[in-house]
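Below, each chain spelled out in residue letters.
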Amino acid sequence: MAQDHKLEILRGLVKFKSNTQKIWGVLVFLSLVTAVEVILGIYKPESLMIKVLGMKLLNWIFIILTIVKAYYITWDFMHMRDETKGLRRAVVWTTIFLILYLTFILLQEGGYVFNVYDKGYIKSDF
């Protein structure tokens with residue numbers, strides 16, 4: 001089974017000779033992504049403070065980089081690449097559904113709480 005693992009990252013762009021090299025390669029990749037996040041968080045470039053879809057572009061960059069890191073941690077370190085297509089889809093679709101559900105609830109409740117603080121007591125009929 002161990003010899004069946006794929007020894008490449010970034011969709012085959014970078015290939016390794018052993019599992020140890022692959023682990024170090026993924027570690028370097030994740031470290032670079034984290035370094036970019038930290039540098040952007042410290043300096044907060046003014047050019048990235050424009051609003052895009054109701055949120056600052058810098059926040060979108062942080063969200064995208066975090067999703068990239070989560071993907072590679074799951075894909076390489078948790079060996080989802082070597083699982084069957086059905087299991088991968090079950091994990092991904094369930095996660096996407098739960099994230100969308102959580103986002104909906106947060107926006108719904110956040111809007112209600114904002115209106116309560118903004119206008120006082122509000123009675124909502126759902």
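Here the structure is shown first, and the text comes after it.
Residues numbered from 1 in each chain as written. Predicted model: local features only at pLDDT ≥ 70, side-chain atom pairs only at ≥ 80, totals over all residues. Heavy atoms only, no water.

A.B. asks: Sorry if this is basic, but what is going on with the layout of surface pockets here?
C.D. replies: Using a probe with the size of a water molecule, rolled over the atoms, empty space left in the structure can be pinpointed. The volume enclosed by the largest pocket comes to roughly 490 Å³. Around the largest pocket, the lining comprises 13 residues; the ones closest to its centre are Ile67, Ala70, Tyr71, Val92 and Thr95. Mapped onto the lining of the largest pocket, the elements with two or more residues apiece are α2 (57-77) and α3 (85-119). Considering each element in turn, the lining of the largest pocket owes the most residues, seven residues, to α3. (1 Å grid on protein atoms, 1.4 Å probe; cavity = no way out; pocket = protein on both sides within 12 Å on 5 of 7 lines; lining within 4 Å. Points joined across faces, edges and corners; volume = space filled by probe spheres on them. Helix = DSSP H or I, 4+ residues; strand = E, 2+ residues; numbered from the N terminus.)

A.B. asks: What is the right way to look at the packing of aromatic side chains in this model?
C.D. replies: Any two aromatic rings considered together are summarised by their centre-to-centre distance and by the angle between their planes. Tallying each qualifying case throughout the model produces four aromatic pairs. Aromatic pair Tyr71 and Tyr72: ring centres 5.0 Å apart, planes at 90°, arrangement edge-to-face. Classification of Tyr71 by relative accessible area gives partly exposed; the value is 31%. For Tyr72, a relative accessible area of 9% gives the class buried. Geometrically, the ring pair formed by Phe97 and Tyr101 is stacked, given 6.2 Å between the ring centres and 15° between the ring planes. In this pair, Phe97 and Tyr101 both sit in helix α3, four residues apart, roughly one turn of the helix. Looking at Tyr101, the relative accessible area reads 47%, which means it is partly exposed. Ring pairs connect the aromatic residues Phe29, Tyr71, Tyr72 and Trp75, which therefore count as one cluster. (Phe/Tyr/Trp six-rings, centres within 6.5 Å; stacked < 30°, edge-to-face > 60°. Buried < 20%, exposed > 50% of the residue type's maximum accessible area, 1.4 Å probe, protein only.)

A.B. asks: Sorry, what's going on with the nonpolar core here?
C.D. replies: In globular proteins that are soluble, nonpolar side chains generally tend to be buried together. If you look at the biggest cluster of nonpolar residues, it comprises six residues: Val26, Phe29, Leu30, Val33, Leu65 and Tyr72. The set of elements that each furnish at least two residues to this core consists of α1 (19-43) and α2. The element contributing the most residues to this core is α1, with four residues. (Core = buried A, V, L, I, M, F, W, Y, C linked by side-chain atoms within 4.5 Å.)

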